[in-house]
Amino acid sequence: MATTTKLITSSDILAVCTLEQSIDPFWLDSEILYCQEIYLKNLLTEELYYSFLDDYETLPLSAENQILYDRYIKFIGCYGTAYRSVVGNIQTQAENQGLMENRTDYSNVAKENERKQAFFLYEKCFHYQKQLGNFLLNNTVDYPDLDATKIVLESRVIA
């Protein structure tokens, strides 16, 4: 089951994340749904994920889902999407340059800063994922659609 419901916007991402390089908001928008699928769906489990999306489409959110959104989902979506966008921006720059590479101190520092920023954004996303997983495991009664046996908190997959 695919969905087109975006839980965040490019404006949300830019409000939550400080990005060192300029990234086109269109690029951010194009990554949001993919990031929801890879950073949220598996953690929430499929049933809770789709239940949350249904609730989100008919705002206002239930009290339980509002807690999830305000404390975790918004940040996972923002940091995860920003991470994917920064990595995509780095890849685009590398592909556009082909075999040519600028060998100035400035260009080397800029590339290193982009890599550091990508790592920082991914770490923030993972932090909120782990916090959300722990919260859900401690509050399973409030989320009947959650399949707690499917939550894995220690696995990191950089996508």
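As the structure is a prediction and not an experimental result, all values here were calculated from the model.

(A) Highlighting the confidence of the model for the protein chain. Per-chain confidence: the protein chain averages 85 in pLDDT, with 81% of residues scoring 70 or above. Taking the mean pLDDT of every element in the protein chain, the minimum, 85, falls on helix α5 (residues 105-138) and the maximum, 95, on helix α3 (residues 46-57).

(B) Molecular detail of the packing of aromatic side chains. Summed over the entire model, instances satisfying the criterion amount to eight aromatic pairs. Residues Y49 and Y50 carry aromatic rings whose centres are separated by 5.2 Å and whose planes lie at 70 degrees to one another, so their mutual orientation is edge-to-face. Relative accessible area serves as the criterion here: at 1%, Y49 is assigned to the buried category. We classify Y50 as buried; its relative accessible area is 10%. A connected cluster of aromatic rings, assembled from ring pairs, spans F52, Y56 and Y69.

(C) Seen up close, the environment of F120. With respect to the secondary-structure elements, F120 resides in helix α5. You can call F120 partly exposed: its relative accessible area is 47%. Through-space distance from the C-alpha of F120 to that of Y79 is 9.1 Å; in sequence the pair is 41 residues apart.

(D) Representation of the nonpolar core within the structure. Formed by 42 residues in total, the largest nonpolar core has its most connected members in L68, I73, I76, L132 and L136. Taken together, the elements giving at least two residues each to this core come down to α2 (25-44), α3, α4 (63-97) and α5. The element that contributes the greatest number of residues to this core is α4, accounting for 11 residues. Excluding anything up to four places from it in sequence, L132 contacts L40, L43, L44, L68, Y72, I73 and I76.

(E) Region of the structure containing α2. For α2, with 20 residues, the first-to-last C-alpha span of 27 Å sits near the 28 Å given by 1.5 Å per residue. The largest bend in α2 amounts to roughly 35 degrees and is located at Y34. Those residues of α2 not exposed but buried are L28, E31, I32, C35, Q36, Y39, L40, K41, L43 and L44. Residue T45 follows α2 closely and has a positive phi angle near 70 degrees.

Rules and cut-offs
- Here, residues in each chain are numbered from 1, in the same order as that chain's written sequence.
- Per-residue local features of the predicted model are confined to residues with pLDDT of at least 70, and side-chain atom pairs are confined, for both listing and counting, to 80 or more; whole-chain, interface and lining totals are unaffected and use all residues.
- Processing note: side-chain calculations cover all non-hydrogen atoms of the structure and skip hydrogens and water entirely.
- pLDDT expresses, on a scale from 0 to 100, how confident the predictor is about each individual residue.
- Starting at the N terminus, helices and strands are each numbered in turn, a helix being any DSSP run of H or I of at least four residues and a strand any DSSP run of E of at least two.
- Centres within 6.5 Å are what make two rings of Phe, Tyr or Trp a pair, Trp counting through its six-membered ring; a difference in plane orientation under 30 degrees is then read as stacked, over 60 as edge-to-face, and the rest as tilted.
- Per-residue accessibility, obtained with a 1.4 Å probe over protein chains only, is compared with the maximum for each type, and a residue is labelled buried under 20%, exposed over 50%, and partly exposed between these values.
- Nonpolar core, defined: a set of buried Ala, Val, Leu, Ile, Met, Phe, Trp, Tyr and Cys residues in which side-chain atoms within 4.5 Å join the residues together.
- The contact rule is simple, with two residues in contact once any of their heavy atoms fall within 4.5 Å.
- What a helix should span is 1.5 Å times the count of its residues minus one.
- The reported bend at a residue is simply the angle between two axes, fitted to the 7 residues ending at it and to the 7 residues beginning with it.

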